[in-house]
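# Chain and residue survey
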Amino acid sequence: MSSLPRHPQADAARRKVGLTKLQEMRALGEPIVMVTAYDHPSAKIAEAAGVDVVLVGDSAANNVLGYADTVPITVDELLMLTAAVRRGLSTPMLVGDLPFGSYEASDAQAIATAHRFVKEAGCDVVKLEGGGASADRARAIVRAGVPVMGHVGLTPQTATALGGYRAQGRTAERAKQVLDDALALQDAGCFALVFEAIPAGVTDLLMARMEIPVIGIGAGPATDGQVLVLHDLLGIHPEFKPKFAARFANVHGEMLRGIGAYAEAVRTRAFPGPEHTYGIAPEEIRRLEEQINTTFTTR
Ligand code: KIV
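Below: a short report on this structure.

### A look at helix H8 (residues 200-207)
All of the buried residues in H8 are Val-202, Thr-203, Leu-206 and Met-207. Buried residues of H8, seen end-on, are gathered within an arc of 130° and therefore sit on one face of the element. At its buried positions, H8 is contacted by helix H1 (19-28), helix H7 (172-187), strand E6 (192-196) and strand E7 (214-217).

What follows is the structure, encoded as structure tokens:
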């Protein structure tokens, strides 16, 4: 792929998306568009489509590496995917996702991991999950010079402790806990937050307390922007359909059709055709035949 056609919305005076741009969008009420990407071609397509923020989520674990959930993915695995995405992006903000076990133990561990995402994968910012001790880690990373996006509500890295992959904040007490986590991360200096899987009515109340951009996934329409996992929105895993994941394409169907058509063309010898085949001058073929004949008759 050399140069992709740009989506019309991508052409409107695009400049590198940074923290200030997100704050401006929030102030102007312009929805922020965030999507995940895990490889170079997807990054180039996200860029061409004009998205504002690209997250190389730890959801790469289950979407492209075949793990059952996000817990096993390692820093090294994510760094390799993130660096590939970096090479495909220039305008959108690139968010690196700190995987489970790479930041919780201490401020020093959190800073060291965040620095690796910036230095080795070229991330603009990093994201971590949860309130509580995570807010302390976020504060340490921000102080060490790396902007941090927080993530509250359903936090997949600790889903077991939350009772599984289910909406959070569905009682007043649990919703207050989500608010406390969000406020702790905001106070810690996070420049933005992700709200995942919380009732829209709770989001409405929480948004009144937020001073930084909030990007929602399954958190209703009141947030400053929306994020979806690329494979969910493109319909790449048709068997997986969480409530909040609207499908905007059927890439699984199209891939199945394309690979099936290729297999059929090979089996019927319709492929490769003359247009896929290299030519050689008849004179060269004649000389080759002579050389082969000489070789075999002199043996
Ligand atoms: O890893 C991920 O894809 C995420 C999004 C759901 C925000 O954290």
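### Details of the packing of helix H4 (residues 75-86) against helix H5 (residues 107-119)
For the pair H4 and H5, interaxial distance at closest approach is 10 Å and the crossing angle is 25°. As the angle between them shows, H4 and H5 are arranged roughly parallel. Of the two elements, H4 crosses H5, and the hand of that crossing is right-handed. Contact residues: H4 offers Val-75, Asp-76, Leu-78, Leu-79 and Thr-82, while H5 offers Thr-113, Arg-116 and Phe-117. Considering only residue class, the contact of H4 with H5 consists of 4 nonpolar, 2 polar and 2 charged.

### Description of the pairing of strand E5 (residues 148-153)
Within E5, 6 of the 6 residues are buried, which leaves the element mostly enclosed by the surrounding structure. Of the two faces of E5, the one carrying Val-148, Gly-150 and Val-152 and the one carrying Met-149, His-151 and Gly-153 are both buried. As paired elements, strand E4 (residues 125-127) and E5 share 2 bridges and run parallel to each other. Note that in E5 the partner of Lys-127 across the bridge is Met-149. Assessed by its sense of winding, the connection that carries the chain from E4 through helix H6 (residues 133-143) to E5 is right-handed. Tracing the backbone out of E5, into H7 and back to the parallel element E6 gives a crossover that is right-handed.

Analysis parameters
Residues numbered from 1 in each chain as written. Predicted model: local features only at pLDDT ≥ 70, side-chain atom pairs only at ≥ 80, totals over all residues. Heavy atoms only, no water. Buried < 20%, exposed > 50% of the residue type's maximum accessible area, 1.4 Å probe, protein only. Helix = DSSP H or I, 4+ residues; strand = E, 2+ residues; numbered from the N terminus. Arc of directions from axis to C-beta. Contact = heavy atoms within 4.5 Å. Axes fitted to C-alpha atoms, helices over the stretch in contact; angles between N-to-C directions. Parallel < 35°, antiparallel > 145°, perpendicular 65-115°, else oblique. Left-handed = near helix turned anticlockwise from the far one by under 90°. Nonpolar A, V, L, I, M, F, W, Y, C, P; charged D, E, K, R; others polar. Pairing = 2+ DSSP bridges. Right-handed = clockwise from strand over helix to strand, strands pointing away.

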